[in-house]
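Take a look at the letters that make up each chain.
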Amino acid sequence: MAVIKHIAIKNSNYTSAVEYLTYKHDEFTSKPILDEQGRMVLRDEYLIDGINCTPQSYGLDCALTNRQFGKNQDRKEIKAHHYIISFDPRDRDENGLTPQRAQELGMAFASNYFPGHQVLVCTHPDGHGNAGNIHVHIVLNSVRAHDVQQQDFMERPSDAMAGHKHHVTKDFLEFLKQQTMTMCQQENLNQVNLLNPAKVRITDREYWAQRRGQRALDAQNATEGKPLSRYETQNMILRNQIMETMKDSHSFDEFVQKLLANYGIIIQESRGQISYHLPDRTKPIRGKTLGTDFERTAILRFFSIGYRITPDKSIREVTDLSQNAKAQSSPGYAFAIKKENLKQEAKSVAYLLEHGLTPDEMERRYAFASEDFHSQTTALKELEAGIKTKKSIQHALNDYYRTKALHKEYMDAKDKKRFRETHPELMIYDAAVKELRAHYGKERFPSRKQVSEELQTLISEKNGVYERYCVARDHYREMQAVRTNYYALQGQERPAEPEHNQTQNRT
């Protein structure tokens, strides 16, 4: 999944940004790493380009722009903005993402959404701790150097004028998240919905606390000759305690009692939200700080419909040997299938015992999972159809406004036949009007900005529905495999599928 992060910079030395991007720095202290002669060490691999400047002239160009417009003279002013787009580590191997392609995407992103600024775009092929994630740094002078054309995403007229500062708001950051998701979808890269809160939320503070703690623990283990172990932050320990207690409970009340009895954790409720009060803390930790999986709604849903936080994808349906041609002709292959079937049946029995499911309760949960999956699939298809229609309208509107002035000339022309013969672009106008009339009838056509906003809303809704669809799909497949394996083990015929499943299979 790609994520985008924003950092405000108050350092007036713009050259330090270039040094950070091109030379090695300690990831904990952000100080440059020096060689034996006390000189900074270049990074092993990076790609860097400039927009409205060069990497070599970035510092001087920014200083001259600030002086020209009398900006960034105060020590407390934000001198630059640093955006980081980090791609999923799997994109390199699974989807063929290269640093060169990431640099191209970063340049296009910066050109589109930070026009008129002096910008550095630098791609690093690896992340913190050799995580393997390609990531792009975009660093821009907070003062715009050139006038640009007003764009739909700009909130104020001054956002297009030279001498004005880059305007960062919550809505603009949400817009950039949406564009990041759209970019990943177009490039077929791994992505999640950045506009929805994370199921497990790791803040920057927790991330670096874990990194520092891990480094200290590794040093201690090395000194004492102990094997390497994983350091866990207080929030991560709390998440594990909550998840283990949920799996060991059958109701919300039992969950609350066991959490207090086993770990001394008190659950406090206020305005529909819950917080976890640890015995060694004066302030409680809010559920939404840990992630949406640890909020009241998610926990109640867990106990009401039996959702697992992480479905067990390792449970698969047993293979019917009588319908497998290869197994019929190969005794060795048939033996391997029988062995695998026994494993899957054992996993299914363990699942039923773990969740205390009777056959009737299993059927109830399967029916709910099936209905939920069918509902989410239908909602996703409807939104995809709506997005396709809205994109078609957007394309027609672009053609309409592009040729509207030409059509006015045509209407004013005396020899309309000759004018049309010499201006075949009028066919584009006619086709656009025909399509727009099909959607809006005699109503006034909407503006391009309105349609763009409607399209972004639909895409945002689709991303949210897609995430729910994935959860429903995994849960349905899990229950389907458990159910199939249970009846195979019992030697019984499976009950008929729910009606909506039969309809879906026929279609």
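In the block above lies the structure referred to throughout.
Worth saying up front: this structure is predicted, and the values here are computed from it rather than measured.

Where helix 13 (residues 359–412) meets helix 16 (residues 448–490), the closest approach of the two axes is 7 Å, and the angle between their N-to-C directions is 155°. The pairing of helix 13 with helix 16 is recorded here as roughly antiparallel in orientation. Crossing of helix 13 over helix 16 shows left-handed handedness. Its residues assigned to classes, the contact of helix 13 with helix 16 shows 25 nonpolar, nine polar and 13 charged.

Before going further, it helps to examine the pattern of salt bridges. With the rule as written, the count across this model stands at 23 salt bridges. The partner of R156 in a salt bridge is D159, with the nearest N and O atoms 3.3 Å apart. Overall, R156 belongs to the partly exposed group, its relative accessible area being 32%. Judged by its relative accessible area of 6%, D159 falls in the buried class.

Now for the packing of aromatic side chains. Counted by the stated rule, this structure contains 19 aromatic pairs. Pairing Y113 with F153 gives two aromatic rings, centres 5.5 Å apart and planes at 75°, and the pair type is edge-to-face. One end of the pair, Y113, is in helix 4 (residues 99–113); the other, F153, is in the loop between strand 5 (135–141) and helix 5 (170–186), with 40 residues separating them in the sequence. F153 carries the same exposure label as Y113, and that label is buried. Cluster of aromatic residues (ring-pair linked, three or more members): Y83, F109, Y113, F114, F153, F172 and F175. Above the ring of Y20, the side-chain terminus of R43 is found at 5.4 Å from the ring centroid. When the ring centre of Y410 is taken as reference, the NZ or CZ atom of R420 above it lies at 4.8 Å.

Turning our eyes to something else, we now look at the sheet that holds strand 1 (residues 3–9). Judged by pairing direction, the sheet is antiparallel, and its five strands sit side by side in the order 1-3-5-4-2 without closing on themselves. Of all strands in the sheet, those bounded by a partner on one side alone are strand 1 and strand 2 (47–51). On average, adjacent strands in this sheet sit at an angle of 15° to one another, irrespective of strand direction. Relative to strand 5, strand 3 (residues 80–86) is paired through seven bridges, and the arrangement is antiparallel. Residue pairing for strand 5: A80 is matched across the bridge by N141.

Time to look at the nonpolar core. Within the largest apolar cluster, 27 residues are counted, with the highest numbers of intra-cluster contacts made by Y83, F87, F109, F114, I138 and L176. Of all the secondary-structure elements, those providing two or more residues to this core are strand 3, helix 4, strand 4 (119–124), strand 5 and helix 5. Counting residues per element, this core draws most heavily on helix 4, which supplies five residues. Setting aside anything within four residues of it in sequence, one finds F114 in contact with Y83, F109, V119, I138, L140, H166, F172 and L176. Judged by nonpolar contacts, the second largest core, of 24 residues, contains Y351, L357, Y469 and Y486.

Mapping Y366 onto the fold places it in helix 13. When its relative accessible area of 1% is taken as the criterion, Y366 is described as buried. In sequence terms Y366 and S57 are 309 residues apart; their C-alpha atoms lie 64 Å from each other.

Taken in spatial order, the three strands make up an open sheet running 6-7-8, and their pairing is antiparallel. Pairing within the sheet leaves two strands with one partner each, and these edge strands are strand 6 (266–270) and strand 8 (285–286). Bridge count between strand 6 and strand 7 (residues 273–277): five bridges; the pairing is antiparallel. Bridge pairing in strand 7 places I267 opposite Y276.

With respect to the helices and strands, V41 occurs in the loop between helix 1 (15–22) and strand 2. Along the chain, V41 and L489 lie 448 residues apart, while their C-alpha atoms are 64 Å from each other. Discounting chain neighbours no more than four positions away, the residues touching V41 are Y23, K24, I33, L34 and D35.

What counts, and at which threshold
Residues numbered from 1 in each chain as written. Predicted model: local features only at pLDDT ≥ 70, side-chain atom pairs only at ≥ 80, totals over all residues. Heavy atoms only, no water. Axes fitted to C-alpha atoms, helices over the stretch in contact; angles between N-to-C directions. Helix = DSSP H or I, 4+ residues; strand = E, 2+ residues; numbered from the N terminus. Parallel < 35°, antiparallel > 145°, perpendicular 65-115°, else oblique. Left-handed = near helix turned anticlockwise from the far one by under 90°. Nonpolar A, V, L, I, M, F, W, Y, C, P; charged D, E, K, R; others polar. Salt bridge = Lys/Arg side-chain N within 4 Å of Asp/Glu carboxyl O. Buried < 20%, exposed > 50% of the residue type's maximum accessible area, 1.4 Å probe, protein only. Phe/Tyr/Trp six-rings, centres within 6.5 Å; stacked < 30°, edge-to-face > 60°. Lys NZ or Arg CZ within 6 Å of the ring centre and 35° of its normal. Pairing = 2+ DSSP bridges. Core = buried A, V, L, I, M, F, W, Y, C linked by side-chain atoms within 4.5 Å. Contact = heavy atoms within 4.5 Å.

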